[in-house]
Structures are given as structure tokens and as C-alpha cells.
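Coordinates in review
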Amino acid sequence: MFEFDVVTLSRLQFALTAMYHFLFVPLTLGLALLLAIMESVYVMTGRVVWRDATQFWGTLFGINFAMGVATGVTMEFQFGTNWAYYSHYVGDIFGAPLAIEGLMAFFLEATFVGLFFFGWKRLSKVQHLVVTWLVALGANFSALWILVANAWMQNPVGAAFNPQTMRMELTSFSEVLFNPVAQSKFVHTVSAGYVTGAMFVMSIAAYFILNRRHVDIARRSLTVAASFGLASALSVVVLGDESGYTAGENQKMKIAAIEAMWETEPPPASFTVFGFPDLKSETTKDEIRIPYLLGLIATRSLDKPVEGVKALVERAETRIRNGMAGYQWLAKEGGHPNAVVPPELDASMRDVGHSLLVKRIRPDIENATDAQIHEAAMSTIPDVPVLFWSFRIMVALGFYFIALFAVAFYLSSRRRFGKPWFLRMTMYSLPLPWVAAELGWIVAEYGRQPWIIDATMPTFLGVSNIPASNVAASLAAFVLFYSALAIIDVALIVKYVRIGPREEAQPQSSGAPVLPAPAPAQTR
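An unreviewed UniProt entry lists the protein chain under the name Cytochrome bd-I ubiquinol oxidase subunit CydA, with Methylocystis rosea as the source organism. According to the UniProt record, the Subcellular location (unreviewed entry) comment for the protein chain reads "Cell inner membrane". Database annotation for the protein chain, UniProt heading Sequence similarities (unreviewed entry): "Belongs to the cytochrome ubiquinol oxidase subunit 1 family."

1. Topic: the nonpolar core
If you look at the biggest cluster of nonpolar residues, it comprises 100 residues, and the most contacted ones within it are W57, L60, Y86, F200, M202 and F405. When residues in this core are grouped by element, the largest group, 16 residues, is from helix α7 (residues 180-210). Leaving out residues up to four positions away in the same chain, Y86 has contacts with F79, G91, F94, M153, I452, I453, M457 and G462. Within the second largest apolar cluster, 44 residues are counted, among which are V313, I373, L439 and V443.

2. Examining the packing of α7 against helix α16 (residues 420-428)
Here α7 crosses α16 at 135°, and the two axes come no closer than 8 Å. Here α7 is positioned oblique relative to α16, judged by the angle of their axes. In this structure, α7 meets α16 at a crossing whose hand is left-handed. Contacts between α7 and α16 involve M199, M202, S203, A206, Y207, I209 and L210 from the first element and P420, L423, R424, T426 and M427 from the second.

3. Topic: the pairing of strand β1 (residues 159-162)
Judged from the four bridges that link them, β1 and strand β2 (residues 167-170) form a sheet pairing that is antiparallel. By the bridge assignment for β2, A159 is matched with L170. Counting the residues that bridge the hairpin from β1 to β2 gives four residues, and of these M166 lies at a positive phi of roughly 60°.

4. Quick notes on the packing of aromatic side chains
Throughout the structure, instances matching the rule amount to 27 aromatic pairs. Measuring from centroid to centroid gives 4.7 Å for Y20 and Y482, while their planes differ by 25°, and the two rings are stacked. Of this pair, Y20 sits in helix α1 (residues 6-21) while Y482 is found in helix α18 (residues 468-499), placing the two residues 462 residues apart along the sequence. For the pair Y20 and Y482, one class covers both residues: buried.

Cut-offs and rules
Residues numbered from 1 in each chain as written. Predicted model: local features only at pLDDT ≥ 70, side-chain atom pairs only at ≥ 80, totals over all residues. Heavy atoms only, no water. UniProt positions renumbered as here; feature names shortened; annotations may be inferred. Core = buried A, V, L, I, M, F, W, Y, C linked by side-chain atoms within 4.5 Å. Buried < 20%, exposed > 50% of the residue type's maximum accessible area, 1.4 Å probe, protein only. Helix = DSSP H or I, 4+ residues; strand = E, 2+ residues; numbered from the N terminus. Contact = heavy atoms within 4.5 Å. Axes fitted to C-alpha atoms, helices over the stretch in contact; angles between N-to-C directions. Parallel < 35°, antiparallel > 145°, perpendicular 65-115°, else oblique. Left-handed = near helix turned anticlockwise from the far one by under 90°. Pairing = 2+ DSSP bridges. Phe/Tyr/Trp six-rings, centres within 6.5 Å; stacked < 30°, edge-to-face > 60°.

Structural data, given as C-alpha cells:
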């Protein structure tokens, strides 16, 4: 049962706004690069049909970009309104990549988006092409810095706790930037965005071909999207494997929950393709497994074990007990200008975050009973069925995208665009990349619970000291406002898809021989 306190409501608000915002982010990433590719073809060939295609898809990109900006700004404000203690505790670290994203990436992208739309008649072909590529570069830079910040929450490197200020402080910006979790998340996430953009273009192109409208532009767009989408879909699967490895190194409980693996298996662990997790018996029923696969993904070896949920709970309980001494020292000495951690407490200080889990059960954690410590350790288990099924649906969709783009690539390479079954399948597949992307974020963020900063700060400690009614009111306002934005966004996209691209009849667009015009008749 959910308790709708300020913690739950704040989490729910951020989850809803983040997932809604992420409806626009992957399409921005994918469409921006596809626009750059199409305009590059236009500049190289001089065929106006490619310019018309770029302008049409650019219109849809503009609608999506505007909605992304409107929904993204509110997320950053929530760190101050709903997550004030989190912002105070890690603002020196978490704020740096967010500031860089705003000053460098977003300003770059926003500036050149304006030039993209209003510079067609004011810039030369090459100048406008440079602008389009800078828009794509800005979109990817923006994703990079946001994911650097998010990855630090998953793997807090390059920072140290200062007992004098009672805050986390930055010790190495390069470690934060080159965090292995950040690198794997970035390439995996942007590849998923490229898949989304390719599916968007391919689905609308299939609609045009089925209805025999704007066929010239639609065929070219489908061809570009098919090849781009196939390469991106393959990248998502390959780079997703790297994300699995980094999670296996840094977030072992997340991997165990995704696999519903209760017991530690002898290495190499097998991968569960299908099954039904049973929380009561702590088993997975009717499971179908692939031998060795999980061991290879999570450990890159055949002799390292992948720990199960029960073993990780025991480790968490040990860390809770070990962190008690460090917590008690901080309660007495923390915040003093001359506070220095005694060397004998260094190991305990690394586990203070675990001891804080007990605070949700009783405030005076130093008096916690064995049962309460065990209850706190059990709270480190995320929702196993949600993670188990979210991950498997996401992976199944990933392989479906590879198959669909491969068929599209084959048909387009042979100029066989008119297969109705394929065009309809492509149209109906339009929402699936968004489903896969949202499930990916559920796995990444829900699987991190109960931590807002992994193994450092429990989520419930990061909230602001405000009434739950305030968060409930703003949550209701966000739901209404975002629902209205969703209706407007869909209506605008449908409107401009129905209008279709503005095409100029040019000899270059068809490739047919140009016949001389007949001479005008002479009058006597």
C-alpha cells in the first residue's frame, strides 16, 4: 500500500514530469540528426526534394522541441521546491553538469534552432547546413550533461563528504564527467533516441505511401530512416550490454531484482528469458533460462558469481550495523568547524548512508532493534516484478526494432516500397519506441530505490520540509497542464502531417529528362 506522504507525492510528481518530458527528448535527439543527414544530401546533390523533406520534418521537430523545453524547465525547479535537502546536500556536484547543460548545450541548441527555421533565405546552403548540424550537436550535448548528472546519482564518484559542512563536495570533476555509468548511459540513451526519430519518420512516410501522397519525399525519407534506424537499433542492444555490465559492477541489487534472482548462483549465472517472480516464496516459477548469459553480461567472465537478492540483503544489514558508529560520531561532532573523522571510523563513515535507512523506521537509529535493522535492510530490495517485466518488454521491443528496420532496409534498397502489410506494420509500430524508452527509465530509476544517491542518501531524506497538501496541489496542476500540452502537441503534429510537405516541382527532383519548351507561335 502506498502512503501518500510528502515523500511519495514528491517522487510521483517527479516521475510523472520526467516521463512526460522524456516523450519529447528521444524524438528531438533522433529527428535532429536525421534533419542534418537529409540536408547534407540536399547540399551535396542540389535536389530540392531533399530540402522539402528537411523543411517538413523540421516543422515537426520544432513542435516537439518547444514542448520539450516547456516540460523540461519545470523538472529543474522541483529540485528546489520538493527536494530542498537533496539540493543542499549535493548541490555543489549535481548542479555543475546541470549548469553546463544550460549554459553550453541548451543555449547552443536554442540559438541555432532559430537560425534553422528563419535562415533558409538568409544563409547560404553550406551555412544553413552547419546550423542544422549544430542543432543536432547541441541536442546531444544537452543529453550528455543531463546523463552525467543522473549517472552520478547511480554511481557517486569524484566527491567526498565534508563533516565540517555536513555536505558532499566535488573532489574531481573529471571523475564525474568520465563516470563509467555516465558513458554507458549516454551512448545507450542517445541510440534509443535515434531509434525513436527513425521510427517516427518511417511511420509517417509509410502513411504517405499508403495514401499515395507526397510519395517522392516519403520514399526518400523512409530509405534514410530505415538505414539510420537499423544502425541505431543494433547500437541500442550492443550498448545496453555495456549498461548491464556497469550496473553489475556498481548496482548489484538492481541486477538481482531485474533477474528476480533470489539466490547466488554458481558462476557463470544463467539469464532468465521468461518466468513469473513470486515474492512470497522468493522464487521464479516456470522460468526459461539461457546458460552463462547473465554471467557474461554482468561480470564479463565465466568464473565470477552474480549475487542474489538474499546475499545482498545480508550485506546491506552488515553495512547498516557498521555505519552506526560513524552516524553517532556525526551526531555529536558533525558541523563543527574543526571536525575531523578519526582514522578508526573511516570504514564506518563509508556505510553511514546505509545506517540512515533505519531513520524511516525510527529516528533514534542508534537504539534500533535487530528486527528494525533487518527491516531496513529489506527495504534495499526494489520492486522485483516491475523491474523484471519492464526489462523484458524493453528488450523484446529492442529486438523487434532490429527486425523491422532490417526488413525496411531490405525493401527500400530494392525499391519495393509498396508492400501494404509492411507499411501498416510500420505505422502501427509508431508508439513502441516511446514505450521502450519509458520502460528503460523505469528500470534505471525505480531500480535505484530506496536510494536517491546510491548507497549514500536514502530517497526519503532528500525531500523538502513542506506540507504534503502543497505537493498534491502542484501535482494536480501539473497533470492538468501537461494533459493540455499533450493534446496540443498531438493536434499540431497531426495537423501538419495532414498538410504534408510543401513541394516545389523541380526537374532535379525526378531525374527525368528535361524537354525544351515549344517556341511561341509567331503572328503575322
